[in-house]
Amino acid sequence: MTINLSDYESGAKYTGDYDADLAKLQERLAHIQVAHIVHHRRALVLLEGWDAAGKGGIIQRLTSEWDPRNFQVWPIKAPSPQELAHHFLWRFWNKLPGNGNIAVFDRSWYGRVLVERVDGFATEAEWRRGYDEINEFEAQQGDSGTTIVKLFVHVTQAEQDERLKARLLHPWKRWKTGLADYHNRAKRAEYLDAMAEMFRRTDTRWAPWHAIDGNNKKAARIAALTVIADRLQAGIPMDPPALDPEVEKVARKALGIT
C-alpha cells in the first residue's frame, strides 16, 4: 500500500468526549499490557514523524496506565561512536523487548532511510540497501512472535510552524527545540520524497504503516492509541488471568474472606 501524507492533513477536531474516551482507551491498553505479561508476548511500537508532530504526547498517554516494569521507551538520537562502529541495526537489537514486555521507540531504525539519507550520513548504497535490511529485521521479529506497530505522525508545514513558534516563545518549552528543527524544516521537500519511498518499500503484511493526522493533537492521540490497541490486541487472548488456587486459598484465610 502507498501512503499519501496529503490525505492526513484535515486537522479535524475530535468530536467525542476526549477525556472519557482517552480514559477508556488507557484502561483497554492496561488490560492489553497485562495480557502480554501473562501470556509472555512481546511487542514493538515505533513512532516516526515530523519534529513537533506530537509523538511525545502520544507516548505519554499510551504508557500512562502501564506497569513500568514491563515496558521501556527508547528515545532514539544520533548514534554514538560505538554504535557507528557496528551495523546500523546493532543498537536496536540491544533494545528489543523480552517476553512479557513492550518496547516503544520514539524514532527508530527508519532513520537510515530518512535523516541518514537526506543529510548524507549514509551513502546511497547504504540507505538503498536499508529497505531490505529493515524488512528482513522486522520479518525476523514477526516470525519470532513479536507484534510490530508502526505509526507515522504527520503535520502540515503551517501547523509545525505554529508549534515551533510556541516552543520558542514559551520559557518551559524552549528545551524542546534546537537547530535541528530548523535544519530539517528547510529540507521538507527532500524528506517528503524519502518518506514516500519509505512507505512504498517498507509497508509490509507483517509490519504495516499507519499514518496519523497529527494536526489536531486530541484527535491524533485518540487515533494513534486506537491503532496501537487494535494491533496489540489482535491474536492475543484477552480473558482475565486465572487466579492461582493456592494463592486464593491462602489469601482468603489471611483476609478472612469466606
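Computed from a prediction, not measured in an experiment: that's the story for all the values here.

Trainee: Sorry, what's going on with helix α10 (residues 217–233) here?
Mentor: Note that an α-helix has 3.6 residues per turn; residues three or four places apart therefore point the same way. Here α10 is 17 residues long and its end C-alpha atoms lie 24 Å apart, about the 24 Å a rise of 1.5 Å per residue gives. Listed as buried for α10 are Ala219, Ala220, Arg221, Ile222, Ala224, Leu225, Val227, Ile228, Ala229 and Leu232. On its buried side, α10 packs onto α1 (18–38), β1 (42–49), α2 (55–62), β3 (102–106), β4 (146–154) and β5 (209–213). You can read the cap of α10 off the contacts: a side-chain oxygen lies 3.3 Å from the backbone nitrogen of Lys218, and it is on Asn216. Of the residues flanking the end of α10, it is Gly235, one or two places downstream, whose phi is positive at about 80 degrees.

Trainee: Would you explain the packing of aromatic side chains in this entry?
Mentor: The way to describe two aromatic rings as a pair is by their centre distance and the angle between their planes. With the rule as written, the count across this model stands at eleven aromatic pairs. Chaining the aromatic ring pairs together yields one cluster made of Phe92, Trp93, Phe105, Trp109 and Phe137. Lying over the aromatic face of Trp74, Lys95 brings its terminal NZ or CZ to 5.4 Å of the ring centre. Of note, Arg117 hangs over the ring of Trp127, and the distance from its end group to the ring centre comes to 4.1 Å.

Conventions adopted
Residues numbered from 1 in each chain as written. Predicted model: local features only at pLDDT ≥ 70, side-chain atom pairs only at ≥ 80, totals over all residues. Heavy atoms only, no water. Helix = DSSP H or I, 4+ residues; strand = E, 2+ residues; numbered from the N terminus. Expected span 1.5 Å × (residues − 1). Buried < 20%, exposed > 50% of the residue type's maximum accessible area, 1.4 Å probe, protein only. Contact = heavy atoms within 4.5 Å. Polar contact = N/O pair within 3.5 Å; in protein donor to acceptor, adjacent residues only side chain to side chain. Phe/Tyr/Trp six-rings, centres within 6.5 Å; stacked < 30°, edge-to-face > 60°. Lys NZ or Arg CZ within 6 Å of the ring centre and 35° of its normal.

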